[in-house]
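A structural walkthrough
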Amino acid sequence: MILALRALGVGDLATGVPALRGLRRAFPDEPLALAAPAWLTPLIDLIGGVTRVVPVNGLDQPVDWPVRPRIAVNLHGRGPESHRLLRTAAPGELWAFEADGGPQWNDEEHEVARWCRLLRHHGVPADPSDLGLATPEAEVPAGVTIIHPGAKSPSRRWPVGRYAAVARHFAADGHRVLVTGSAAERGLALRVASLAGLGAAAVPATGLAELAALVARARLVVSGDTGVAHLASAYRTPSVTLFGPMSPARWGPPQRPWHRPIWHGTRSEPGDAPGPEVHPALLAIEVGEVLAAADVVSGCSFRT
């Protein structure tokens with residue numbers, strides 16, 4: 001069995017897809033297990049080739065490994081916590097950064113390229129452009145414009161009033177606007193919808209499969225640096241992504257004319273810094289700038 005660890009969120013999973021596909025192609029006759037949070041299973045199913053999901057609830061929690069893997073691949077981080085967790089599976093080999101002969105970590109490397117480089121170090125090719133996901137068979141409306149105001153940390157959340165202004169403009173221009181978010185972000189989404197004059201009907205209750213299906217069939221996605229932006233990349237849906245503490249050079253969409261990152265920063269902050277306030281680089285983004293970017297990506301030829 002080949003075991004990969006990627007125990008993070010939606011965007012993290014999406015950026016690991018090319019590496020997972022590389023492992024699948026390199027070892028076509030062996031089971032491929034992915035150690036990840038169980039709630040991500042609906043998205044993992046869209047990757048194809050993952051034989052089973054091994055639930056992982058945190059790097060400090062014991063894991064019931066199914067069998068001893070021949071190779072364990074750390075697609076989670078640079079260690080040491082993630083290295084230690086994978087070693088509890090007693091793998092025949094550990095492929096990881098800065099461990100067991102693995103390559104050196106580069107903080108400035110794009111997240112997709114990083115994991116492809118780890119595999120190439122071990123002789124396994126991986127294509128960074130292989131980001132696509134299957135579209136779930138969920139009954140969702142097509143052609144909507146998605147506004148997604150949430151993000152993991154407050155530093156990555158553009159102000160509610162600005163998202164509402166963008167949503168209001170799109171609605172006046174004839175778009176069917178939906179404001180999406182996780183269950184924990186529903187209150188935030190409702191505030192945006194209310195300020196935009198859309199009402200609660202514009203805030204659908206979606207699971208991961210429904211959200212992926214909405215993005216796959218959407219007209220446009222406007223969001224911060226969060227998982228839904230990576231879904232837009234996976235489905236080649238026109239998108240405008242607003243960056244704050246993290247540079248798009250590390251987490252941004254592929255260089256395609258129908259994706260437009262906006263960033264006014266000068267360097268990436270570590271993790272989700274700088275704390276509970278909106279990052280200054282994100283505050284520097286104006287409503288008009290987002291609308292102009294949306295006009296550009298909406299006029300591009302895409303999904304070809």
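Here is what the cut-offs are and how they apply
- Residues numbered from 1 in each chain as written.
- Predicted model: local features only at pLDDT ≥ 70, side-chain atom pairs only at ≥ 80, totals over all residues.
- Heavy atoms only, no water.
- Pairing = 2+ DSSP bridges.
- Helix = DSSP H or I, 4+ residues; strand = E, 2+ residues; numbered from the N terminus.
- Axes fitted to C-alpha atoms, helices over the stretch in contact; angles between N-to-C directions.
- Contact = heavy atoms within 4.5 Å.
- Buried < 20%, exposed > 50% of the residue type's maximum accessible area, 1.4 Å probe, protein only.
- Right-handed = clockwise from strand over helix to strand, strands pointing away.
- Parallel < 35°, antiparallel > 145°, perpendicular 65-115°, else oblique.
- Left-handed = near helix turned anticlockwise from the far one by under 90°.
- Nonpolar A, V, L, I, M, F, W, Y, C, P; charged D, E, K, R; others polar.
- Polar contact = N/O pair within 3.5 Å; in protein donor to acceptor, adjacent residues only side chain to side chain.
- Core = buried A, V, L, I, M, F, W, Y, C linked by side-chain atoms within 4.5 Å.

What follows is about the sheet that holds strand β3 (residues 52-55). The five strands lie next to each other as β3-β2-β1-β4-β5, forming an open sheet whose pairing is parallel. One side of each edge strand has no neighbouring strand; the edge strands of this open sheet are β3 and β5 (93-95). If you compare each strand with its neighbour and ignore which way they point, the axes differ by 25° on average. Relative to β3, strand β2 (residues 32-36) is paired through four bridges, and the arrangement is parallel. By the bridge assignment for β3, A36 is matched with P55. Each of β1 (2-5), β2, β4 (71-74) and β5 touches helix α2 (residues 17-26); the most contacted strand, β2, lies at about 155° to it.

Bringing the pairing of strand β8 (residues 220-224) into the picture now. Most of β8 sits out of view: five of its five residues are buried. Neither face of β8 is open: one carries L220, V222 and G224, the other V221 and S223, and all of them are buried. Relative to β8, strand β6 (residues 145-148) runs parallel, the two being bridged by four bridges. Bridge pairing in β8 links T145 to L220. Relative to strand β9 (residues 239-242), β8 runs parallel, the two sharing four bridges. Residue pairing for β9: G224 is matched across the bridge by L242. Crossover handedness for the path β8 to helix α9 (residues 227-234) to β9: right-handed.

If you walk across this open sheet you meet the five strands as β7-β6-β8-β9-β10, and the pairing is parallel. Only two strands of the sheet have a single partner each, and these edge strands are β7 (177-179) and β10 (259-262). The mean angle between the axes of side-by-side strands here comes to 15°, regardless of whether they run parallel or antiparallel. Against the sheet, α9 contacts β6, β8, β9 and β10, and its axis sits at roughly 145° relative to β8. Each of β8, β9 and β10 touches helix α12 (residues 287-298); the most contacted strand, β10, lies at about 160° to it.

The contact between helix α6 (residues 160-172) and helix α7 (residues 186-195) brings their axes to 8 Å, and the two run at 50°. Taken together, the axis directions place α6 and α7 in an arrangement best described as oblique. For α6 against α7, the interelement crossing comes out right-handed. Contact residues: α6 offers V160, G161, Y163, A164 and R168, while α7 offers L188, R191, V192 and L195. Of the residues assigned to the contact of α6 with α7, the class counts are six nonpolar, one polar and two charged.

With respect to the secondary-structure elements, R156 resides in the loop between β6 and α6. Residue class for R156 comes out buried when judged on its relative accessible area of 13%. Separated by 2.4 Å, the side chain of R156 and the backbone oxygen of D225 make a polar contact.

This brings us to the nonpolar core. Residues L23, L43, V73, L75 and V215 are the most contacted members of the largest nonpolar core, which totals 50 residues. Broken down by element, the residue count for this core peaks at seven residues, all from helix α8 (residues 208-216). Filtering out sequence-adjacent residues up to four positions away, L43 remains in contact with V10, L13, L208, A212 and L231. With 27 residues, the next largest nonpolar core counts Y163, V222, L291 and A293 among its residues.

Our focus in this paragraph is the environment of H175. Summarising the element assignment, H175 is placed in the loop between α6 and β7. Sequence separation between H175 and R219 is 44 residues, and the spatial gap between their C-alpha atoms is 8.7 Å. What H175 contacts, discounting residues up to four positions off in sequence, is T145, F170 and R219. At 3.3 Å, the side chain of H175 and the side chain of R219 are in polar contact.

With that settled, the discussion passes to the packing of α2 against helix α5 (residues 111-121). The interhelical angle for the contact between α2 and α5, taken along N-to-C directions, is 25°, at an axis separation of 8 Å. Relative to α5, the element α2 lies roughly parallel. Seen from α2, the contacting residues are P18, A19, G22 and L23; seen from α5, they are V112, W115, C116 and L119. Here the residues of the contact of α2 with α5 sort into seven nonpolar, one polar and no charged.

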